[in-house]
Amino acid sequence: NTLLRFPSASSPAANYGTAIHATLQRAHDHLRSVGSKQPEEDILHEFEKQLSKLVFTDTERKHYSQQGGDALSKFLDEHYDSFSANQIPELDFARQNVHISEAHLTGKLDVVELNKKSLMASVVDYKTGSVLTSWDKGDKFKKIKAYKYRQQLLFYKLLIENSRDFRKYKMEKGILQFVEPDENGNIVNLSLSTIDDHELER
């Protein structure tokens, strides 16, 4: 699946995540293009539009429509103020000529914010599904999941700092932004701001 890229059907949960990501990307694009925030009702309508493009059973579609609508409303209520026209959504590194030794790397980042004065970069990665509140707490499953997410943010640092157009920037922070609330109804983000050079080299 990873190396040969054989086609396979997406799971309902993966399709739901795709719809959430596409909806938030459109909200960021709207802010960048017109200079004002997209109304919340338009964002929720966009989510329904994105869901309609994907394959679900009737029961699944009803379930994810309700779940996504509730999650986006809560998320926007708490985090829409953090959206900025300076943020770049869905930044694609396919043509950035990123090479580490003989490996040609690529990837697409959900949201990147570049500070042209300090030459610092921060990355936001949107997540759907179960919420993590720590990098090293919880059961074995959560610890493995957190480790893989941490690797993902380290990989983004390699992409940015070795790319053609953005190599002058240093990635100072990576943030996992969970779109859905936790069991207490809170919207959680998990930040990685201290990156050990040894860990990055590994």
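Thresholds applied
Residues numbered from 1 in each chain as written. Predicted model: local features only at pLDDT ≥ 70, side-chain atom pairs only at ≥ 80, totals over all residues. Heavy atoms only, no water. Helix = DSSP H or I, 4+ residues; strand = E, 2+ residues; numbered from the N terminus. Buried < 20%, exposed > 50% of the residue type's maximum accessible area, 1.4 Å probe, protein only. Contact = heavy atoms within 4.5 Å. Core = buried A, V, L, I, M, F, W, Y, C linked by side-chain atoms within 4.5 Å. Pairing = 2+ DSSP bridges. Salt bridge = Lys/Arg side-chain N within 4 Å of Asp/Glu carboxyl O. Axes fitted to C-alpha atoms, helices over the stretch in contact; angles between N-to-C directions. Parallel < 35°, antiparallel > 145°, perpendicular 65-115°, else oblique. Left-handed = near helix turned anticlockwise from the far one by under 90°. Nonpolar A, V, L, I, M, F, W, Y, C, P; charged D, E, K, R; others polar.

Peer 1: I would appreciate a short explanation of the environment of Thr-128 in the present structure.
Peer 2: Positionally, Thr-128 belongs in the loop between strand S5 (120–127) and helix H4 (140–161). What makes Thr-128 partly exposed here is its relative accessible area of 21%. A C-alpha to C-alpha distance of 9.1 Å links Thr-128 and Ala-14, two positions 114 residues apart in sequence. Ignoring sequence-local partners within four residues, the contact set of Thr-128 consists of Tyr-16, Gly-17, Ile-20 and Glu-180.

Peer 1: Any chance you could explain the nonpolar core here in plain terms?
Peer 2: The nonpolar side chains of a soluble globular protein tend to be buried, and buried together. Counting 28 residues, the largest nonpolar core has Phe-93, Leu-109, Trp-135, Ile-160 and Phe-178 as its most contacted members. Setting aside chain neighbours within four positions, we find Phe-93 in contact with Val-98, Leu-105, Thr-106, Gly-107, Leu-109, Leu-159, Ile-160, Ser-163 and Phe-166. Within the second largest apolar cluster, 23 residues are counted, among which are Leu-31, Leu-76, Ile-175 and Val-179.

Peer 1: Explain the pairing of strand S4 (residues 108–115) here, please?
Peer 2: Walk down a regular strand and you will see the side chains alternate between the two sheet faces. Here strand S1 (residues 87–92) pairs with S4 via five bridges, running antiparallel. The residue bridging Leu-91 from the neighbouring strand is Leu-109, located in S4. Here S4 runs beside S5; their pairing, made up of five bridges, is antiparallel. Paired with Leu-114 across the two strands is Ala-121, which belongs to S5. Count of turn residues in the S4/S5 antiparallel hairpin: four residues, of which Leu-119 carries a positive phi of about 60°.

Peer 1: Quick question: what am I supposed to make of the pattern of salt bridges here?
Peer 2: Side chains that differ in charge, positive against negative, can pair when their charged atoms come close. Inspection of the entire model under this criterion finds seven salt bridges. Notably, a salt bridge pairs Asp-81 with Lys-37, separated by 3.2 Å at the nearest N-O pair. Remark: Lys-37 occurs in the loop between helix H1 (12–34) and helix H2 (40–52) and Asp-81 occurs in the loop between helix H3 (58–79) and S1; sequence separation between them is 44 residues. On the accessibility criterion, Asp-81 (71% relative accessible area) is exposed. Judged by relative accessible area, which is 34%, Lys-37 ranks as partly exposed. A salt bridge links Lys-74 to Glu-78; the shortest N-O distance between them is 3.0 Å. Of this pair, Lys-74 and Glu-78 both sit in helix H3, four residues apart, roughly one helical turn.

Peer 1: Looking at this structure, how should I read the packing of H2 against H3?
Peer 2: Orientation of H2 relative to H3, taken along the N-to-C sense of each, is 150°, at an axis distance of 10 Å. Judged by the inter-axis angle, H2 sits roughly antiparallel to H3. Here the hand of the crossing between H2 and H3 comes out right-handed. On H3, the residues that touch Glu-40, Ile-43, Leu-44, Phe-47, Glu-48, Leu-51 and Ser-52 of H2 are Arg-61, Tyr-64, Ser-65, Gly-68, Gly-69, Leu-72, Ser-73 and Leu-76. Residues that form the contact of H2 with H3 fall into these classes: seven nonpolar, five polar and three charged.

Peer 1: I'm lost on the sheet that holds S5 in this one. Help?
Peer 2: The strand order across the open sheet built from five strands is S1-S4-S5-S6-S7, with neighbouring strands paired in mixed fashion. Looking along the sheet, the strands with just one partner apiece sit at the ends: S1 and strand S7 (189–192). Pairs of neighbouring strands in the sheet enclose a mean axial angle of 30°, with direction left out of account. Running at roughly 130° to S1, H1 makes contact with S1, S4 and S5 of the sheet.

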